[in-house]
2 protein chains.
Amino acid sequence: MTSTASSLPAYQRLIVNAEHVVPGEELAARLAQGNPLRIKLGLDPTARSVTLGWAVVLRKLRQFQDEGHTAILIVGDFTARVGDPSAKSQTRPQLTREQVRDYASHCLPMFMDVLSKDNLEVRYNSEWLEDMDLSDVLELTANYTVAQMLERDDFSKRYDEKRPISIIEFMYPLLQAYDSVAVRSDVELGGTDQLFNLLVGRDLQRAYGQDPQIAMTTPLLVGLDGVQKMSQSLGNFVGIRDEPQDMFGKLMSIPDRLTEQYASLAAWLDEAQISEISEAARAGGPTAGEAKRRVARHVVALYHGAEAADASERSFDRTFKQHRAPAEIAEAGIPPDAVDGDRVYLPRVLAELGLASSRSEARRLISQGGVKVNGDTVTLEDVPLDELAGHVLQVGKRKYVRLS
Amino acid sequence: MTSTASSLPAYQRLIVNAEHVVPGEELAARLAQGNPLRIKLGLDPTARSVTLGWAVVLRKLRQFQDEGHTAILIVGDFTARVGDPSAKSQTRPQLTREQVRDYASHCLPMFMDVLSKDNLEVRYNSEWLEDMDLSDVLELTANYTVAQMLERDDFSKRYDEKRPISIIEFMYPLLQAYDSVAVRSDVELGGTDQLFNLLVGRDLQRAYGQDPQIAMTTPLLVGLDGVQKMSQSLGNFVGIRDEPQDMFGKLMSIPDRLTEQYASLAAWLDEAQISEISEAARAGGPTAGEAKRRVARHVVALYHGAEAADASERSFDRTFKQHRAPAEIAEAGIPPDAVDGDRVYLPRVLAELGLASSRSEARRLISQGGVKVNGDTVTLEDVPLDELAGHVLQVGKRKYVRLS
């Protein structure tokens, strides 16, 4: 991709994986002037991990850095306490200062996994928001109308449905928009659900006598459930610091119809690769599985390198595909008093090898389908000896023993 | 009335001239406990005078003082800069700190014309509002919803008509409501157009863990035009420090149908007196005029004493009723060259006595009805000598000469 991409004008390169660019002609014009632009991305630390969802827009920011522009990463330590009501259907609880500090200390190093240290300004929005007094706040609120705020989809829906919107929720868009005034951004990046907020920033800069920023959004990555936006509170996420094996495994669990989206937004493959993968995913069966595997390998490689990607793929294949246990599996002999001729009493094996706390618990595990041999669920308590000796006994997802 | 009134329970005495008491039973209950209550009245200094309109609610506050309760007079030096959107149909311009300081320095001594110095706390709301930071403001805004705010009549009307409501206008009701939290008021007084604001105070005190205040409103005095609320910006007002003669004259100019309202809200006459006056006003003619005169005399006496009231009435009678000029009127002889036998050429008289700049202007004034003799408009330029000699010649409203 790189050789093709570098011959494209900057504008064409930078709108890859973008959903809205408002207004596009202004971005093209500013880029054409050739000066480094100030590209704002505000992220509120509201959880401890950085997900592949956040990484979409972080990588977009990185792209601007690579083109010589300045990334202004705003850690929304103040706004995180207020809570962004965007696309939320209910009034959110506020976070404490301590919670936010904890989240920020975890997230910031992870942001740096994606961003470059060059062309970077990291700012905390408490820097200007904490010192605001009532007069400043009033000046801010004088610049926006109730009707403009209620134009936002989720607000208007809630208002029409008579569900409460706290006035503090009107404050959030204004505060994060004021960040744009404070850092004099030329472009602001965000997920598509941030478009309204980004445009408030544009309006507010104009009200404060600045050139209005351009709003650029990136699509929201769908989570592992295949339905909802990837989100830490929903649990349907891949963290960018997840272990390579976990990452690979989680990525292999997405529905085939998401493979193409992950190929572009999570793996950042080029157009030609994406269309190959898209075709393969539509073919279904092993071809689709192979395409997904290719995406998963690319994503793991982005965060852990090619070697870790290969290793995680091999580990995945051993554990899940070939129904074999991982390489580091322990060996154990079948306890002799569990053997009766050519039959083995399985609950006794499980209890004596410490895979269950007692024989009765072992029986319960078997009846619930929690015990497998070579990946196949065992439903009987008496098992032929030759079906156990030399095979892998598995309890739950994590306990494995190779029986000898 | 006093002898009757003092035998009434306090609740009955205090709701005289009140429009809403919300909730009435709570006020009755708190009064019955016999402890001094904290009675808040917030007034934003937005003009230099105190009108009879403001005096309605100031006198209500004084009444509470006289019953042993504590008046908390809040000079809204901060909120005046924000501007109360109540009953305004448009977004208001904000006042500067200097303008407000100027207005406050004029108004405060006038408030004291009505209030007692005992049982009084004067507070400026900048004391607590100026130090609010963004976190405090956010806490405030978290306690109220957009829908609650849009329930207010004027907001909902403007919103429905798609006229802009700035978000700062949502802040005003919250800020003045926070005053109630800051001073821990038991009762808040205001004009009827303040009922919404007063109830926000009640809600907010509850949210901040205080006993919610009772809201008591007084009716809005109609201005001299007989149509709009008395207001300095409309010019239809009587200031409580207007000169006695001006006050008397202005009060005599109100339509007869307002005599009863002024008898209660401006003169604070008792019920028996008000019904007499009401009956007389309905009778029309000289009876109605006499009733209005009685009200005017009472109002002037309230602010300037009985003697000044009598003097202003006599002056009014000389100037307006008996069509005679005021006592201090100048005398002048009829210029001889204006006299032709028993006729006088009036334009020449006016020009030579300096009542008009020229004979032609004098002719114009006569033709426009601007010249009077003994209060009767003169329409001819040639006037019989005996209709002028010894009489008062008047040009416009202010120039008088007694001709000899």
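Thresholds, definitions, all that
Residues numbered from 1 in each chain as written. Chains lettered and ligands numbered in written order. Predicted model: local features only at pLDDT ≥ 70, side-chain atom pairs only at ≥ 80, totals over all residues. Heavy atoms only, no water. Axes fitted to C-alpha atoms, helices over the stretch in contact; angles between N-to-C directions. Helix = DSSP H or I, 4+ residues; strand = E, 2+ residues; numbered from the N terminus. Parallel < 35°, antiparallel > 145°, perpendicular 65-115°, else oblique. Left-handed = near helix turned anticlockwise from the far one by under 90°. Contact = heavy atoms within 4.5 Å. Nonpolar A, V, L, I, M, F, W, Y, C, P; charged D, E, K, R; others polar. Salt bridge = Lys/Arg side-chain N within 4 Å of Asp/Glu carboxyl O. Phe/Tyr/Trp six-rings, centres within 6.5 Å; stacked < 30°, edge-to-face > 60°. Buried < 20%, exposed > 50% of the residue type's maximum accessible area, 1.4 Å probe, protein only. Lys NZ or Arg CZ within 6 Å of the ring centre and 35° of its normal. Least-squares fit on C-alpha atoms with pLDDT ≥ 70 in both. Pairing = 2+ DSSP bridges. Right-handed = clockwise from strand over helix to strand, strands pointing away. Polar contact = N/O pair within 3.5 Å; in protein donor to acceptor, adjacent residues only side chain to side chain. Buried area = accessible area lost by both parts, 1.4 Å probe.

## Let's talk about the packing of helix α4 (residues 52-66) of chain B against helix α16 (residues 285-304) of chain B
All names here are of chain B.
Logical step 1: At a minimum axis distance of 14 Å, the contact between α4 and α16 shows a crossing angle of 70°. Considering their axes alone, α4 and α16 lie roughly perpendicular with respect to each other. Two packed elements cross with a definite hand, and for α4 against α16 that hand is left-handed. Side by side, α4 and α16 meet where Leu52, Ala55 and Arg59 of the first sit next to Val299, Leu302 and Tyr303 of the second.
Logical step 2: Its residues assigned to classes, the contact of α4 with α16 comprises five nonpolar, no polar and one charged.

## Describing the pattern of salt bridges
Residue and element names in this part refer to chain A.
Logical step 1: Applying the stated criterion to the full structure yields 58 salt bridges over all chains.
Logical step 2: Ionic pairing is found between Glu290 and Arg293, a salt bridge with its closest N-O pair at 3.8 Å. In this pair, Glu290 and Arg293 are both assigned in helix α16 (residues 285-304), three residues apart and thus about one turn of the helix distant.
Logical step 3: For Arg364, the salt bridge identified is with Glu361, shortest N-O distance 3.6 Å. Highlighted residues: Arg364 and Glu361, both in helix α19 (residues 359-367), separated by three residues, approximately one helical turn.
Logical step 4: One salt-bridge network, in which partners are shared between bridges, spans Glu290, Arg293, Arg297, Glu313 and Asp317.

## Points about the packing of aromatic side chains
All names here are of chain A.
Logical step 1: One pass over the full model with this rule turns up nine aromatic pairs over all chains.
Logical step 2: Here the aromatic rings of Phe155 and Phe170 are separated by 5.4 Å at their centres, their planes lie at 55°, and the arrangement is tilted. Of this pair, Phe155 sits in helix α10 (residues 153-160) while Phe170 sits in helix α11 (residues 168-183); the two residues are 15 residues apart in sequence, bridging distant segments of the chain. Per residue, the accessibility class of Phe155 equals that of Phe170, and both read buried.
Logical step 3: The ring of Phe78 has Arg81 lying over it, and the distance from NZ or CZ to the ring centre is 4.7 Å.

## Comments concerning the relation of the copies chain A and chain B
Copy one and copy two of the chain differ by a rotation about a common axis and a shift along it.
Logical step 1: After a rotation of 179° and a shift along the axis of 0.1 Å, chain A superposes on chain B with an RMSD of 0.7 Å. On this basis, the relationship between the two copies can be described by a two-fold rotation axis. Residue Asp133 of chain A, judged by its C-alpha, is the member of chain A lying nearest the rotation axis, at 1.8 Å.
Logical step 2: Counting the interface residues of chain A, we find that 100% of their copies in chain B are interface residues as well, pointing to one common contact surface.

## A short note on the sheet that holds strand β11 (residues 376-377) of chain B
Logical step 1: What the five strands build is an open sheet, ordered β7-β14-β13-β10-β11 (chain B); its pairing is mixed. The sheet is open, and its two edges are formed by β7 (331-332) and β11 of chain B, each paired on a single side.

## Some thoughts on the pairing of strand β5 (residues 187-191) of chain A
All names here are of chain A.
Logical step 1: Of all five residues that make up β5, five are buried, and the element is covered over most of its length.
Logical step 2: Bridge analysis of strand β2 (residues 38-43) against β5 gives three bridges, and the strand direction is parallel. Looking across to β5, one finds that Leu41 is bridged to Leu189.
Logical step 3: Where β5 lies against strand β6 (residues 214-218), five bridges are found, and the strand directions are parallel. Paired with Glu188 across the strands is Ala215, a residue of β6.
Logical step 4: Following the chain from β5 across helix α12 (residues 195-207) to the adjacent parallel β6, one finds a crossover that is right-handed.

## A few points about the environment of Ala28 of chain B
Residue and element names in this part refer to chain B.
Logical step 1: Within the secondary structure layout, Ala28 lies in helix α3 (residues 24-32).
Logical step 2: For Ala28, a relative accessible area of 27% gives the class partly exposed.
Logical step 3: On a C-alpha basis, the gap between Ala28 and Arg163 in space is 41 Å, while along the polypeptide they are 135 residues apart.

## Remarks on the side chain of Ser166 of chain A
Logical step 1: With respect to the secondary-structure elements, Ser166 of chain A resides in the loop between α10 and α11.
Logical step 2: At 3.4 Å, the side chain of Ser166 of chain A forms a polar contact with the backbone oxygen of Ala142 of chain B.

## Description of the interface of chain A and chain B
Logical step 1: Listed as interface residues are 30 residues of chain A and, on the opposing side, 30 residues of chain B.
Logical step 2: Approximately 2400 Å² of surface area, both sides summed, lies buried where chain A meets chain B, with 76% of it carried by carbon and sulfur atoms.
Logical step 3: Summed over the shared surface of chain A and chain B, the number is zero salt bridges.
Logical step 4: Of the residues in the side of chain A that touches chain B, the class split is 22 nonpolar, five polar and three charged.

## Quick notes on the sheet that holds strand β5 (residues 187-191) of chain B
Residue and element names in this part refer to chain B.
Logical step 1: Taken together, the six strands give an open sheet; going across it, the order is β1-β6-β5-β2-β3-β4, and neighbouring strands pair in mixed fashion. Two strands bound the open sheet, and with one partner strand each, they are β1 (20-22) and β4 (120-124). Strand after strand, the sheet turns through a mean of 20° between neighbouring axes, direction not considered.
Logical step 2: Here β1 pairs with strand β6 (residues 214-218) via three bridges, running antiparallel. Each residue of the ladder has a partner; that of Val21, found in β6, is Met216.

## With respect to the side chain of Thr51 of chain B
Logical step 1: By the element assignment, Thr51 of chain B lies in the loop between β2 (38-43) and α4.
Logical step 2: By relative accessible area, Thr51 of chain B is classed as buried at 4%.

## So, the packing of α4 of chain B against helix α6 (residues 97-114) of chain B
All names here are of chain B.
Logical step 1: One can describe the packing of α4 onto α6 by two numbers: an axis separation of 9 Å at closest approach and a directional angle of 55°. One element, α4, and the other, α6, form an angle in the oblique class. In this structure, α4 crosses over α6, and the sense of that crossing is right-handed. Judged by residue contacts, Trp54, Leu58, Arg59 and Arg62 of α4 engage Cys107, Phe111 and Val114 from α6.

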